[in-house]
Amino acid sequence: MNRMYNDIEADVRTDTAIKVAALFFAAMMFLAFTTDPIRTGTQEGDRAPDLTGMAYNGSGWSNFEMSDYLTTNWTAADTDGQWMAIEFMDTDCPYCVRSAGEIGLDADYFTKRNSYHSSHPGVGPWDGPIVNFFASATELDIQGHDTSRSEIEAFRDKSGEESCAGQSCANRDGSPHNFIYIDDIDQDNMKEWKVPGTPAYFLIQPDGIVAWVSTENTEETIFEAIMRLTPEV
């Protein structure tokens, strides 16, 4: 009688072990099919971290989330998906001041179809996907780099009495910019994106994957990268 009881107990334990193993296997399969295998990072091929903060669009400040601009089900065959070009900059960075004119022309060219780039008259009208430009404005830990939202506004709009890299922001190169500037004075975005210095540029696919990084392609400009990597419409 005891032997029969022991046999039944052993069968129950075996049956329970099988059920637990089956549940564990099912859970692992669920994770395998639902977990995104692409790692989050800022190298080409990574899924870009989110870019957040209060942002200035020329008329006022409001909350910004880069994720609002993503198309999660985008594929390479989708020519309607909108790309993102992100500049990490500092309003007191001399090179950022000098390159402001060129990046402004690039933004005007790529953010609408059939536009012309005055610095590249031979390329013809833009017939590729829309590329939205954003600037993440930080304050580097360098003496004399003291920025503020007022200075960010003055840099973007090329106006006011603020000083950018030792001169009036109104005298920076180029015309007023038409794209969004994000307040990253505390360097949160810069640290999350592991940006070593300014300016630094990223080209992001519509699905949030990093397509190009300036620090990995020092011989290529953001303009050239967009021309090379985005699909023709």
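Predicted model, so just to flag it, every value in this text is computed and none were measured.

About the cut-offs
- Residues numbered from 1 in each chain as written.
- Predicted model: local features only at pLDDT ≥ 70, side-chain atom pairs only at ≥ 80, totals over all residues.
- Heavy atoms only, no water.
- Helix = DSSP H or I, 4+ residues; strand = E, 2+ residues; numbered from the N terminus.
- Contact = heavy atoms within 4.5 Å.
- Areas by Shrake-Rupley, 256 points an atom, 1.4 Å probe, with all protein chains shown as cover.
- Pairing = 2+ DSSP bridges.
- Core = buried A, V, L, I, M, F, W, Y, C linked by side-chain atoms within 4.5 Å.
- Buried < 20%, exposed > 50% of the residue type's maximum accessible area, 1.4 Å probe, protein only.
- Phe/Tyr/Trp six-rings, centres within 6.5 Å; stacked < 30°, edge-to-face > 60°.
- Lys NZ or Arg CZ within 6 Å of the ring centre and 35° of its normal.
- Polar contact = N/O pair within 3.5 Å; in protein donor to acceptor, adjacent residues only side chain to side chain.
- Expected span 1.5 Å × (residues − 1).
- Bend = angle between axes of the 7 residues up to and from the residue.
- Axes fitted to C-alpha atoms, helices over the stretch in contact; angles between N-to-C directions.

Draft legend 1. Structural detail: the overall build of the protein chain. If you tally the helices and strands in the protein chain, you get five helices and nine strands. The order of helices and strands in the protein chain, counted from the N terminus, is α-β-β-β-α-β-α-β-β-β-α-β-β-α. Look at the contacts in the protein chain between residues 6 or more apart in sequence, and 63% of them connect residues 24 or more apart. Total accessible area on the protein chain is roughly 12700 Å²; 52% of this is exposed by carbon and sulfur atoms.

Draft legend 2. Quick peek at the pairing of strand β2 (residues 61-65). Relative to β2, strand β1 (residues 52-56) runs antiparallel, the two sharing five bridges. Counted as the bridge partner of Ala55 is Ser62 from β2. In textbook terms, the turn of a hairpin is the stretch between consecutive antiparallel strands, and for β1 and β2 this stretch comprises four residues, one of which, Gly58, has a positive phi near 105 degrees.

Draft legend 3. Focus on the nonpolar core. Phe110, Val131, Phe133, Tyr181, Leu203, Ile222 and Ile226 are the most contacted members of the largest nonpolar core, which has 32 residues in total. Mapped onto this core, the elements with two or more residues apiece are β3 (83-90), α2 (94-110), β4 (131-138), α3 (149-157), β8 (200-204), β9 (210-213) and α5 (222-229). In terms of residue count, the dominant contributor to this core is α2 (seven residues). Membership of the second largest hydrophobic core comes to 20 residues, among which are Ala48, Leu140, Ile180 and Ile204.

Draft legend 4. Molecular detail of the packing of aromatic side chains. Inspection of every chain in the model, using the stated rule, returns 16 aromatic pairs. Aromatic pair Phe155 and Tyr181: ring centres 6.2 Å apart, planes at 50 degrees, arrangement tilted. Placement of the pair is Phe155 in helix α3 and Tyr181 in strand β7 (residues 180-184), with a sequence separation of 26 residues. Both residues of the pair, Phe155 and Tyr181, count as buried. Joined through ring pairs, the aromatic side chains of Tyr109, Phe110, Trp126 and Phe223 make up one cluster. Over the ring of Trp61 we find Arg149; its NZ or CZ atom is 4.8 Å from the centre of that ring.

Draft legend 5. Region of interest: the side chain of His177. When you line up the elements, His177 lands in the loop between β6 (167-168) and β7. The exposure class of His177 is buried, given its relative accessible area of 3%. In terms of polar contacts, His177 uses its side chain to reach the side chain of Tyr181, at 2.8 Å. Here His177 is in contact with Ala100, Ile103, Gly104, Phe155, Arg156 and Arg172, once residues within four sequence places are set aside.

Draft legend 6. α2, seen in detail. The first and last C-alpha atoms of α2 sit 25 Å apart over 17 residues, in line with the 24 Å expected at 1.5 Å per residue. Largest kink in α2: about 45 degrees, centred on Ala100. Within α2 the residues assigned to the buried category are Cys96, Val97, Ser99, Ala100, Gly101, Ile103, Gly104, Asp106, Ala107, Tyr109 and Phe110.

Draft legend 7. Examining the environment of Ser118 more closely. You can see Ser118 is positioned in the loop between α2 and β4. Separated by 16 residues in sequence, Ser118 and Glu102 place their C-alpha atoms 9.7 Å apart.

Draft legend 8. Structural context of the sheet that holds β4. Here seven strands make up an open sheet; going across it, the order is β2-β1-β7-β4-β3-β8-β9 and the pairing mixed. The open sheet terminates on both sides in strands that have one partner only, identified here as β2 and β9. Averaged over all pairs of adjacent strands, the angle between strand axes in this sheet comes to 30 degrees, irrespective of strand direction. In the sheet, β3 pairs with β4 via eight bridges, with the strands oriented parallel. Paired with Met89 across the strands is Ala137, a residue of β4. Of the strands in this sheet, β3, β4 and β8 touch α2, which is tilted by about 155 degrees from β4. Strands in contact with α5 are β3, β4, β8 and β9; relative to β8, the strand with the most contacts, it is inclined by about 15 degrees.

Draft legend 9. Expanded view of the side chain of Ser136. With respect to the element layout, Ser136 can be found in strand β4. With residues up to four places along the chain from it excluded, the contact list for Ser136 reads Leu51, Glu87, Phe88, Met89, Ile182, Asp184 and Asn189.

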